[in-house]
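Structure assessment
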Amino acid sequence: MSTLIVPRTESELTMDLGVRWRLHGDGRTPAPGAVVRPDERLSWPRTAGLGAQHVVAMFGASFVAPVLMGLDPNLAIMMSGVATVIFLLATRGRVPSYLGCSLSFVGVAAVIRAQGGSSATVTGAVFVVGAALFVVGLAVQRFGARIIHAAMPPIVTGAVVMLIGFNLAPVTASTYWPQDQWTALLVMLFTGLAVVCLRGFWSRIAIFLGLVFGYALSWVLDTVFGRIHSADGSGKVTDHWRLDFSAVGDADWIGLPSFHAPAFEWSAILVALPVVIALVAENAGHVKAVGEMTGDDLDGKLGTAISADGAASMLSTAVGGPPNTTYSENIGVMAATRVYSTAAYWAAAGFALLFGLCPKFGAVVAAIPGGVLGGITVILYGMIGLLGAQIWINAGVDLRNPLNLVPAAAGIIIGVGNVSLKFTDTFSLSGIALGTLVVITGYHVLRAFAPAHLKTQEPLLDAGTSSYDERETDGRGARHPGEPQPPAEP
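In the annotation of an unreviewed UniProt entry, the entry for the protein reads Nitrate reductase, and the organism field reads Streptomyces longispororuber. As stated in UniProt under Subcellular location (unreviewed entry), the record for the protein gives "Membrane". Under the Sequence similarities (unreviewed entry) heading, UniProt states for the protein: "Belongs to the nucleobase:cation symporter-2 (NCS2) (TC 2.A.40) family."

Written as structure tokens, this is what we have:
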């Protein structure tokens, strides 16, 4: 007996890809208390405006990151748009998200360059991390989120995220802050006030506002006091302008960013691989947070989201761009507007692609004064590190338990202090790589030998990183207001 195969209509195919949206109400403003769901949209002009808002929200961190990594900011913004499209298609429009340049790799890039690595070496190492993340996503799809919790419990994940962030402290102290200490101090104070005192959308773009303030302040100081005698970007002490726009005038208005192929070196790859842990934590936290806001149970999409992030990062680094990850700034925009439409993220991706084709725009970004970066990175790097503490708090990790305390303490000191372990004349482990290895292996080895009473602490989520405790939900998979939220990209 033959089976009749009915061709699927174009409408059914587009709905499967998550690129077909119902108009919400009159398309203007959501009713009081109503939300615009991922498969809904407002009018196209309003959707485009929301897309622009998402681009502004991610602008600060997503443009600072490639500059700190020594990569082309134009290519970074272009590939963030491509990565967002890949993510939306892979998740079938179920998980509204923007993918921007990951700050978790800034420390890795600094270490690789300090070892003599080039931009190609950096992107090659990060490409391998993207591939590893893709494989982790496939494993989660196959075996469930429980494997994440088994291999990387909160004590391990939090410690690794913490040491990655705090390992960056010397970069700020020795590279950016000395270029203009007073500008750095004022930018730090302004950005801190913006984060704490502003409300809603404005607090979410505090890094962007700090950049704008720093540009304006540097221009004023150049105008009033002239050149500054300090270290420049290369570390050489000279008389130079704080704000140098000479490259902006030479840049074209329209053109392609610079591409390059990755290069693979084992020493660089070993330094970069620990960041996989941070990326898994970021994605898990993002998916769970979106599920709580929309009221959808997105457990089944966690593996897909992780794999999509890995695939997007592989594509970006294959052409010389930075890796990407989900952004908490954009979660804040959704929470403030109550618009979760993925159509807005498609619009944001379109704007990002257009910005990437404007070399003059990238030249403006690349001209960020070192003192401005010094003030911003003091807060930014600290926030990355303290996300590790947030993971511990959300998971209820008991640091009085020596099984948790010992591996975390040892790994963090090794990672932050850049302790090195030399095996041969040509191979050694240090800093982030060695600290992560100590935390992971130390925890599991100690757990194997620890007495039973030290292993009785219950995990936060018995079924895995993104599972929901039905006793504490409203029946739709959403937690009650006021419950601690999971971590995401600062």
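Back to the write-up after that little detour.
Moving on, we get to the overall build of the protein. Within the protein, the regular secondary structure consists of 21 helices and 8 strands. When the 490 residues of the protein are sorted by exposure, 53% land in the buried category. Sequence separation of at least 24 residues holds for 79% of the intrachain contacts in the protein that already meet a minimum separation of 6. Surface exposure of the protein reaches about 21400 Å², of which carbon and sulfur atoms provide 65%.

Here the focus is the packing of aromatic side chains. In the structure shown here, the tally under the stated rule is 3 aromatic pairs. Taking the ring centre of Trp253 as reference, the NZ or CZ of Lys360 above it sits at 5.2 Å.

In this fold, Thr84 is placed in helix H3 (residues 73-90). A polar atom in the side chain of Thr84 sits 2.8 Å from the backbone oxygen of Ser80. In contact with Thr84, not counting residues within four places along its chain, are Ser97, Tyr98, Leu99, Tyr345 and Ala349.

Let's shift gears to the side chain of Arg41. Looking at where Arg41 falls in the secondary structure, it is placed in strand S2 (residues 40-41). Residue contacts for Arg41: discarding those within four places in its chain leaves Trp21, Arg22, Leu23, His24, Val36, Thr47, Ser341 and Ala343.

For an α-helix the count is 3.6 residues per turn, leaving residues at separations of three or four pointing the same way. Spanning 15 residues, helix H17 (residues 342-356) covers 21 Å between terminal C-alpha atoms, matching the ideal 21 Å at 1.5 Å per step. Taken together, the buried positions of H17 are occupied by Thr342, Ala343, Ala344, Tyr345, Ala347, Ala348, Ala349, Ala352 and Gly356. One side-chain oxygen at the N-terminal end of H17 lies 3.1 Å from the backbone nitrogen of Ala343; it belongs to Ser341.

Quick look at the packing of helix H5 (residues 119-143) against helix H15 (residues 302-318) now. For the pair H5 and H15, interaxial distance at closest approach is 7 Å and the crossing angle is 160 degrees. The orientation of H5 with respect to H15, classified from their angle, is roughly antiparallel. The element H5 and its partner H15 pack so that their crossing is left-handed. Seen from H5, the contacting residues are Thr123, Val126, Phe127, Gly130, Ala131, Leu133, Phe134, Val136, Gly137, Leu138, Val140 and Gln141; seen from H15, they are Leu302, Gly303, Thr304, Ile306, Ser307, Asp309, Gly310, Ala311, Ser313, Met314, Thr317 and Ala318. Along the lines of polarity and charge, the residues of the contact of H5 with H15 split into 13 nonpolar, 10 polar and 1 charged.

Right, let's talk about a nonpolar patch on the surface for a bit. On the surface, Trp219, Val220, Val224 and Phe225 cluster together to form a nonpolar patch covering roughly 460 Å² of accessible area. Within the element layout of this structure, Trp219 appears in helix H11 (residues 206-225). The exposed category is assigned to Trp219, whose relative accessible area is 54%.

So, on to unusual backbone geometry. You will see that Arg92, though not glycine, has its phi angle at about 55 degrees, which is positive. Positionally, Arg92 belongs in the loop between H3 and strand S3 (99-101).

A few words on the environment of Val82. Within the fold, Val82 resides in helix H3. Looking at Val82, the relative accessible area reads 24%, which means it is partly exposed. When the C-alpha atoms of Val82 and Ala352 are compared, they prove to be 8.5 Å apart, with 270 residues separating the residues in sequence. Apart from the residues lying within four places of it in its own chain, the contact partners of Val82 are Leu315 and Leu353.

The tally for this structure, following the rule as stated, stands at 5 salt bridges. Linking Arg22 and Asp39 is a salt bridge whose minimum nitrogen-to-oxygen distance equals 2.9 Å. Remark: Asp39 occurs in the loop between strand S1 (22-23) and S2 and Arg22 occurs in strand S1; sequence separation between them is 17 residues. When its relative accessible area of 47% is taken as the criterion, Arg22 is described as partly exposed.

Contact geometry for helix H8 (residues 169-176) and helix H19 (residues 370-395): axes closest at 9 Å, N-to-C directions at 165 degrees. The orientation of H8 with respect to H19, classified from their angle, is roughly antiparallel. Seen along the crossing, H8 lies across H19 with a hand that is left-handed. Across the interface between the two elements, Val171, Thr172 and Tyr176 from H8 touch Gly370, Gly371, Leu373, Gly374, Thr377, Val378 and Tyr381 from H19.

In terms of nonpolar packing, the biggest core is built from 97 residues, with Met69, Val106, Leu302, Tyr381 and Trp392 touching the most fellow members. The biggest single contributor to this core is H19, with 11 residues. Ignoring any residue separated from it by four or fewer positions in sequence, one finds Met69 in contact with Cys101, Ser102, Phe105, Val106, Ala109, Arg113, Val122, Pro322 and Pro323. Among the nonpolar cores identified, the runner-up in size contains 5 residues, and Val36, Leu42, Leu50 and Val339 belong to it.

Within the fold, Ile440 resides in helix H21 (residues 431-449). Take Ile440: its relative accessible area is 26%, and that puts it in the partly exposed class. Each C-alpha atom, one on Ile440 and one on Val156, is 6.2 Å from the other, the two residues being 284 residues apart in sequence. Among residues more than four places away in sequence, those in contact with Ile440 are Val156 and Ile277.

Thresholds, definitions, all that
Residues numbered from 1 in each chain as written. Predicted model: local features only at pLDDT ≥ 70, side-chain atom pairs only at ≥ 80, totals over all residues. Heavy atoms only, no water. UniProt positions renumbered as here; feature names shortened; annotations may be inferred. Helix = DSSP H or I, 4+ residues; strand = E, 2+ residues; numbered from the N terminus. Buried < 20%, exposed > 50% of the residue type's maximum accessible area, 1.4 Å probe, protein only. Contact = heavy atoms within 4.5 Å. Areas by Shrake-Rupley, 256 points an atom, 1.4 Å probe, with all protein chains shown as cover. Phe/Tyr/Trp six-rings, centres within 6.5 Å; stacked < 30°, edge-to-face > 60°. Lys NZ or Arg CZ within 6 Å of the ring centre and 35° of its normal. Polar contact = N/O pair within 3.5 Å; in protein donor to acceptor, adjacent residues only side chain to side chain. Expected span 1.5 Å × (residues − 1). Axes fitted to C-alpha atoms, helices over the stretch in contact; angles between N-to-C directions. Parallel < 35°, antiparallel > 145°, perpendicular 65-115°, else oblique. Left-handed = near helix turned anticlockwise from the far one by under 90°. Nonpolar A, V, L, I, M, F, W, Y, C, P; charged D, E, K, R; others polar. Patch = residues over 30% accessible without salt bridge, like charges linked within 9 Å, V, L, I, M, F, W, Y side chains within 5 Å. Salt bridge = Lys/Arg side-chain N within 4 Å of Asp/Glu carboxyl O. Core = buried A, V, L, I, M, F, W, Y, C linked by side-chain atoms within 4.5 Å.

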